Amino acid sequence: MKKPVALAAFLVVLDQLTKYLASAFIAYGGHVKIIPLFNFFNLTNVGNTGAAFSSFQGKNAAFIIFVAVFLVAVSVWLYKNKNKLNTLQKYAFCMIIAGGTGNLIDRIFRGAVVDFLDFGINNLRWPSFNVADSSICIAAALIVIDIFRSRVKSGE
């Protein structure tokens, strides 16, 4: 469990460092073009008081409570089940904890989650996101891969 926990700690630090840099060097609401071709990739500085894709805006206090309870529950569950989980599952759940922790820190200390990675093609934009969001999405993909891998092994 040491390596998955170390990865989680690294991801929280990386998330907070990159959010700090985005906030320190890019004016709120501003952007810096990184790959200008088709306006493909920009660094931005926006805040999100809602959930994924900016849904449920303005519910920051509710999200603080929900995410804190969720993180405690997943952490306790992971600790109790660490001997039953394979390596991929341990990494995935630690990445979910890291992502939730990074965004929870923002909600508590900044009043909103800082999003700064902005991808798209011209005016067709994916909602801005951050390292914590990426950790959660990659973890979800790892869990799906693990489910398919276990089904292939069992012959389903």
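As shown above, the structure is provided for reference.
Residues numbered from 1 in each chain as written. Predicted model: local features only at pLDDT ≥ 70, side-chain atom pairs only at ≥ 80, totals over all residues. Heavy atoms only, no water.

What to know about the overall build of the chain
- For the chain, the count of helices and strands is four helices and four strands.
- N-terminal to C-terminal, the α/β element order of the chain is α-β-β-α-α-β-β-α.
- Taken along the three principal axes of its C-alpha coordinates, the chain extends 50 × 35 × 30 Å.
- Expressed as a percentage of the 156 residues in the chain, the buried residues total 37%. (Helix = DSSP H or I, 4+ residues; strand = E, 2+ residues; numbered from the N terminus. Buried < 20%, exposed > 50% of the residue type's maximum accessible area, 1.4 Å probe, protein only.)

Notes on unusual backbone geometry
- You will see that Asn39, though not glycine, has its phi angle at about 55°, which is positive.
- Given the relative accessible area of 18%, Asn39 is considered buried.
- Its identity is not glycine, yet Asn122 carries a phi of approximately 50°, on the positive side.
- In this structure, Asn122 sits in the loop between strand E3 (113-121) and strand E4 (124-125).
- A relative accessible area of 40% means that Asn122 is categorised as partly exposed.

Remarks on the pattern of salt bridges
- Applying the stated criterion to the full structure yields five salt bridges.
- In this structure, the salt-bridge partner of Lys19 is Asp15, at a minimum N-O distance of 2.8 Å. Placement of both Lys19 and Asp15 in helix H1 (residues 2-25) is noted, with a separation of four residues, approximately one turn of the helix.
- With relative accessibility at 1%, the residue Asp15 sits in the buried group.
- Between Asp118 and Arg125 there is a salt bridge; the shortest N-O distance is 3.3 Å.
- Overlapping salt bridges, with partners in common, bring together Asp15, Lys19, Asp106 and Arg110 in one network. (Salt bridge = Lys/Arg side-chain N within 4 Å of Asp/Glu carboxyl O.)

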